[in-house]
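Below are the chains, spelled out letter by letter.
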Amino acid sequence: MGILINLDVQLEKRNMKSYELAERIGITTANLSILKTGKARAIRFSTLEAICKILECQPGDILEYVPE
Amino acid sequence: MLSLNDNLIIMRKLIVLKTVIDFIWIVSCIPSLIFGFGWIIYMFFDSSILGIVESDIFSSESPFWQKQLIFLLIYAIACGFIYAIFLFRKTLRFFQKRKPFDDYVIKTYNLIGKLLIVLSVFSTALMFVVKLIFSSKMFLNLGFSPYLLLMCLGFFFMVLSESFKIAKHAKHDSELTI
């Protein structure tokens, strides 16, 4: 898929751990891992909103389109 | 998400279905298989036993070898149906384990569908040929016949298999939606 997830970069910038983000969003660490590794097929607006709210960023900071 | 009550209703229906299929399997399929096999073997050793059989398929004057051949073919068709019931019975276990979209179920439903279609076509052809040879009648039941219904059931199983394949894909997508 041509969509890259830059969640790792955003987490590193804020010096935040994955489990901490998962806990604050209200999803499991397993699901966050699926999202981080790019195995997810889709992301809910509510999840994206929660991530952006906690990381204080824009959706474009997390998702990036790379032509295949 | 299904509620606990919905799950209980589904499970109850599944238990009833499994019980009925088990009943058919024990009371009808296994004895038919055993006695049918015994009959097939015995009729080749003592063909006079075929004299006691009266049927509208063939006349009592028909030669023994023809009767033997017909019985052999009928037994082969019956074995096919019993195998289809055996496969269906096996898939019900996956439903009990809450794995209805398992690959085995999808493949087996497709196989059952193909088997039923082949058996219905074969049965129709057999009955047509037998009536033509023994009764000199051209008879083909295209109305409300069990063969046509069986063929429909076969296609239904194949459609069900395809539907399960789509459902499995949708379930997978849903699981990977974060």
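Residues numbered from 1 in each chain as written. Chains lettered and ligands numbered in written order. Predicted model: local features only at pLDDT ≥ 70, side-chain atom pairs only at ≥ 80, totals over all residues. Heavy atoms only, no water.

A. Examining the packing of helix α2 (residues 18–25) of chain A against helix α4 (residues 45–55) of chain A more closely. Residues and elements named next belong to chain A. The contact between α2 and α4 brings their axes to 10 Å, and the two run at 120°. Overall, the two elements α2 and α4 adopt an arrangement that is oblique. The way α2 lies across α4 gives a crossing that is right-handed. Across the interface between the two elements, Leu 21, Arg 24 and Ile 25 from α2 touch Thr 47, Ala 50, Ile 51, Ile 54 and Leu 55 from α4. Among the residues forming the contact of α2 with α4, the class breakdown is six nonpolar, one polar and one charged. (Axes fitted to C-alpha atoms, helices over the stretch in contact; angles between N-to-C directions. Helix = DSSP H or I, 4+ residues; strand = E, 2+ residues; numbered from the N terminus. Parallel < 35°, antiparallel > 145°, perpendicular 65-115°, else oblique. Left-handed = near helix turned anticlockwise from the far one by under 90°. Contact = heavy atoms within 4.5 Å. Nonpolar A, V, L, I, M, F, W, Y, C, P; charged D, E, K, R; others polar.)

B. A look at the interface of chain A and chain B. Taken together, the eleven residues of chain A in the interface contact six residues of chain B. Buried surface at the junction of chain A and chain B, summed over both partners, amounts to about 770 Å²; 57% is from carbon and sulfur atoms. Our count for the contact surface shared by chain A and chain B stands at one salt bridge. Asp173(B) is the partner of Arg41(A) in a salt bridge, and the nearest nitrogen-oxygen pair spans 2.2 Å. Put simply, chain A and chain B have five residue pairs in polar contact (both at pLDDT 80 or more) between them. With three residues, the single largest contributor to the side of chain A that touches chain B is helix α3 (residues 29–36) of chain A. Looking at the side of chain A that touches chain B residue by residue, the class counts come to six nonpolar, two polar and three charged. (Buried area = accessible area lost by both parts, 1.4 Å probe. Salt bridge = Lys/Arg side-chain N within 4 Å of Asp/Glu carboxyl O. Polar contact = N/O pair within 3.5 Å; in protein donor to acceptor, adjacent residues only side chain to side chain.)

C. Region of interest: helix α2 (residues 64–96) of chain B. Helix length check: α2(B) (33 residues) gives 48 Å between terminal C-alpha atoms against 48 Å at 1.5 Å per residue, within 8%. Phi turns positive, to about 60°, at Arg98(B), one or two residues after α2(B). (Expected span 1.5 Å × (residues − 1).)

D. Up close: the packing of α2(A) against α3(A). Residues and elements named next belong to chain A. Where α2 contacts α3, the two axes come as close as 9 Å, and the packing angle between them is 115°. As summarised for this structure, α2 and α3 are arranged roughly perpendicular, according to the angle between their axes. For α2 against α3, the interelement crossing comes out right-handed. Side by side, α2 and α3 meet where Ser 18, Tyr 19, Leu 21, Ala 22 and Ile 25 of the first sit next to Thr 29, Leu 32 and Lys 36 of the second. Taken together, the residues of the contact of α2 with α3 sort by class into five nonpolar, two polar and one charged.

E. Focus on the nonpolar core. Within the largest apolar cluster, 21 residues are counted, with the highest numbers of intra-cluster contacts made by Leu7(A), Leu21(A), Ile25(A), Leu32(A) and Leu55(A). Within the residue set of this core, elements represented by two or more residues are α1 (7–13), α2, α3 and α4 of chain A. Discounting chain neighbours no more than four positions away, the residues touching Leu32(A) are Leu7(A), Ser18(A), Leu21(A), Ala22(A), Ile25(A) and Ile27(A). The next biggest cluster of nonpolar side chains, apart from the first, holds 15 residues, and it includes Leu14(B), Tyr109(B), Ile112(B) and Phe164(B). (Core = buried A, V, L, I, M, F, W, Y, C linked by side-chain atoms within 4.5 Å. Buried < 20%, exposed > 50% of the residue type's maximum accessible area, 1.4 Å probe, protein only.)

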